Amino acid sequence: MQLKLEKFVCVLGLVASMTATADTLTRDNGAPVGDNQNSITAGERGSVLLEDVQLIQKLQRFARERIPERVVHARGTGAHGVFVASKDLSDLTLAAPFQKKGKETPVFVRFSSVIHSKGSPETARDPRGFATKFYTDEGNWDLVGNNLPVFFIRDAIKFPDMVHSLKPSPVTNIQDPNRFFDFFSYEPGSTHMLTWVYSDYGTPANYRQMDGWGVHAYKMVDAEGDVSYVKFHWKSKQGINNLNLDQVMDVQSKDFQHMTRDLYAEIGAGNYPSWDLYLKVLKPEQLDDFDYNPLDATKMWAGVKEVKVGTMTLNRMPSNFFQATEQVAMAPANLIPGIEPSEDRLLQGRVFSYADTQLYRLGANHSQLPINRPVVEVLNYNQEGFMNMGETDSDVNYQPNRDGVKEDPRARHSSVALKGYVQQAAIKKQLNFKQAGDLYRSFSEQERSNLIRNMSGDLAAVNDKDTQAKMISHFYKADEEYGTRLAEAVNADLKKVKALARAL
Ligand code: HEM
């Protein structure tokens, strides 16, 4: 194409002049490159010259291509799409996507695995991330969830330790069940999540055929400031499809990128995957009605009915992986009027942690990148920093000010009544084993056998017999058959397991 471009408009609306033709190779400063095949040398047998600015710039830019990978959820793939509300939820929340039946909100979803690094096989057992950025009329709202309904721990203070134990050893760089089962043997609340992860739900066949869960309770706040507690659930319209261990081995031997490949292939072929969004709702006065704490991320709200509130369809893959999928900054702190974090202690830590890591991983101005920019105008006085692409032209960089830039009282945080003392104590009503047992008993015989087979592989690798017995006692406490089958599968001392379980 020999089209001569006089001017082009870049993403930020700046008009730049360009004299090169559209297919002329240029340096970063826009100047045409004369020779991209040969370095400049001093004669035929002489050294390469430092003045070869094209060579130097290419090598410099190449050496700086990598940014820090996400500390968790490093491997992922994303897609653009749209969320359409199927209900008017204005009696429950001010949140913009739910104000009118049929309301459309653009979204970007990033699916991921958790523990393994950016180039790891997608067959590895792991929860899968299911993070959705809603570009709403009142700013970006990120619902950063997983494909499993609960989590391993209930307090953010434990997250770095848990992740250290699950990541490869600092000595050998090998992931080691001796390390993570050591950690989990002190964490009986993980029994429920471990049962999910070691079932075939820990190895989904692809990203389209899995559900997504918000995991935590959030608050929805209406125009009067009334608060409800809600949980979110994306139900796959493609159904659920998990791989058993034999299928995992088979897929792994052929294609370790099957989940990413599947999403590009299906969306590329026009088979757009979709998910219905369901809500469970509790009034604040109902929070005490359960034998567990409903703000504990290790628990599902069993028995609370779900209501469908909309459908999301993914219909476009990003044109560049790095610019969209790698640079997207999903953060539970990205909230909009009508949605607030609940008092869930794990969520409270997440509200800080993601925005913080993104300031490090992507920089102070990452929210100005096209994938992270809200569709509404941003007007605040956060300024400067590396790579600022803003176009500030006023000397008013403070508020309040005579320009009349004001807050919106609708967006004010809801009020919460408090009682008690500043404290540092574990939550009450931990109920560590009941829902794990219920889950085990809900599985078919085939699903139970697969769970035992999947878990006994890793449990058998635990050299310390006390740690192994302690771990199995948690599963025995959840369900006697579950614990007995595990003990038999790894030749553990069942008497010792039972004694430990009695003491729990
Ligand atoms: C206190 C507990 C947790 C902490 C401190 C934490 C921290 C983090 C951090 C630092 C990242 C990397 C973010 C980035 O670099 O952009 C991340 C990613 C992620 N986390 Fe968590 N996490 C926690 C629990 C959870 C839970 C309970 C869920 C699911 C409900 C979850 C789902 C995700 C997802 C889906 C991503 C990837 C987001 C993306 O695709 O960019 N995390 N987490």
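From a predicted model like this one, the values you see are computed outputs, not experimental measurements.

Topic: the domain arrangement of the protein chain
Annotation of the protein chain at the domain level lists domain 1 (70–150 + 204–377) and domain 2 (434–502). If you average the C-alpha positions of domain 1 and of domain 2, the two centres end up 31 Å apart. Contacts between domain 1 and domain 2 engage eight residues on the former and four residues on the latter. Approximately 540 Å² of surface area, both sides summed, lies buried where domain 1 meets domain 2, with 37% of it carried by carbon and sulfur atoms. Counting every contact that joins domain 1 to domain 2 gives one salt bridge. Between Asp 246 and Arg 453 there is a salt bridge; the shortest N-O distance is 3.0 Å. At the boundary of domain 1 with domain 2, the tally comes to two residue pairs in polar contact (both at pLDDT 80 or more).

Some words on the coordination of the iron atom of the ligand
Looking at the iron atom of the ligand, one finds just one donor atom contributed by the protein, Tyr 354 (OH), at 1.7 Å. Assignment of secondary structure puts Tyr 354 in helix α8 (residues 345–361).

Comments concerning α8
In this model, α8 (17 residues) spans 24 Å end to end at C-alpha, consistent with the 24 Å of a helix rising 1.5 Å per residue. The complete set of buried residues in α8 reads Leu 346, Leu 347, Arg 350, Gln 358 and Arg 361. In this structure, the buried side of α8 is in contact with β6 (139–146), β8 (218–221), α7 (321–326) and β12 (339–341). N-cap assignment for α8: the residue whose side-chain oxygen lies 2.8 Å from the backbone N of Leu 346 is Asp 344. The first or second residue beyond α8 is Gly 363, which carries a positive phi of 105 degrees.

Some details on the site of the ligand
As a structural note, the neighbourhood of the ligand is formed by 25 residues, with Arg 70, Arg 110, Tyr 354, Gln 358 and Arg 361 the closest of them. Within the side chain of Arg 70, one N or O atom sits 2.9 Å away from an oxygen atom of the ligand. Between the ligand and Arg 350, the relevant distance is 3.4 Å, taken from a nitrogen atom to a side-chain nitrogen or oxygen of the residue. Within the residue set of the shell around the ligand, elements represented by two or more residues are β5 (128–136), β6 and α8. Element by element, the count of residues in the shell around the ligand is highest for α8, at seven residues. Partitioned by chemical class, the residues of the shell around the ligand number 12 nonpolar, nine polar and four charged.

Cut-off values and rules
Counting restarts for each chain: residues are numbered from 1 in the order of the written sequence. In view of the model being predicted, local features appear only for residues whose pLDDT reaches at least 70, and side-chain atom pairs are presented and counted only at 80 or more, with totals across whole chains, interfaces and linings using the full set of residues. Where side-chain values are given, they derive from all heavy atoms of the structure, hydrogens and water being excluded. The start and end points of each domain follow an automatic or database-based domain assignment. Residues count as neighbours in contact if any of their non-hydrogen atoms are within 4.5 Å of one another. A quick way to say it: buried area is the sum, across both parts, of accessible area lost when two parts are put together, with a 1.4 Å probe. For this document, the term salt bridge refers to a Lys or Arg side-chain nitrogen within 4 Å of an Asp or Glu carboxyl oxygen. Counting of polar contacts relies on pairs of N or O atoms within 3.5 Å, with two restrictions inside protein: one atom must be capable of donating a hydrogen and the other of accepting it, and residues adjacent in sequence are counted only when both atoms are side-chain atoms. The donor set covers N, O and S atoms within 2.8 Å of the metal, switching to 3.2 Å for Na, K and Ca, and it leaves out water, so a site may look short of donors. Only runs of H or I of at least four residues qualify as helices and only runs of E of at least two qualify as strands under DSSP, and these elements are numbered from the N terminus. In a helix, the anticipated span is given by 1.5 Å times the number of residues less one. Throughout, exposure labels follow a simple rule: accessible area from a 1.4 Å probe, protein chains only, divided by the maximum for the residue type, with under 20% read as buried, over 50% as exposed, and the rest as partly exposed. Here a residue counts as near a molecule or strand whenever at least one of its heavy atoms sits within 4 Å of it. Note on residue classes: Ala, Val, Leu, Ile, Met, Phe, Trp, Tyr, Cys and Pro are nonpolar, Asp, Glu, Lys and Arg are charged, and everything else, Gly too, is polar.

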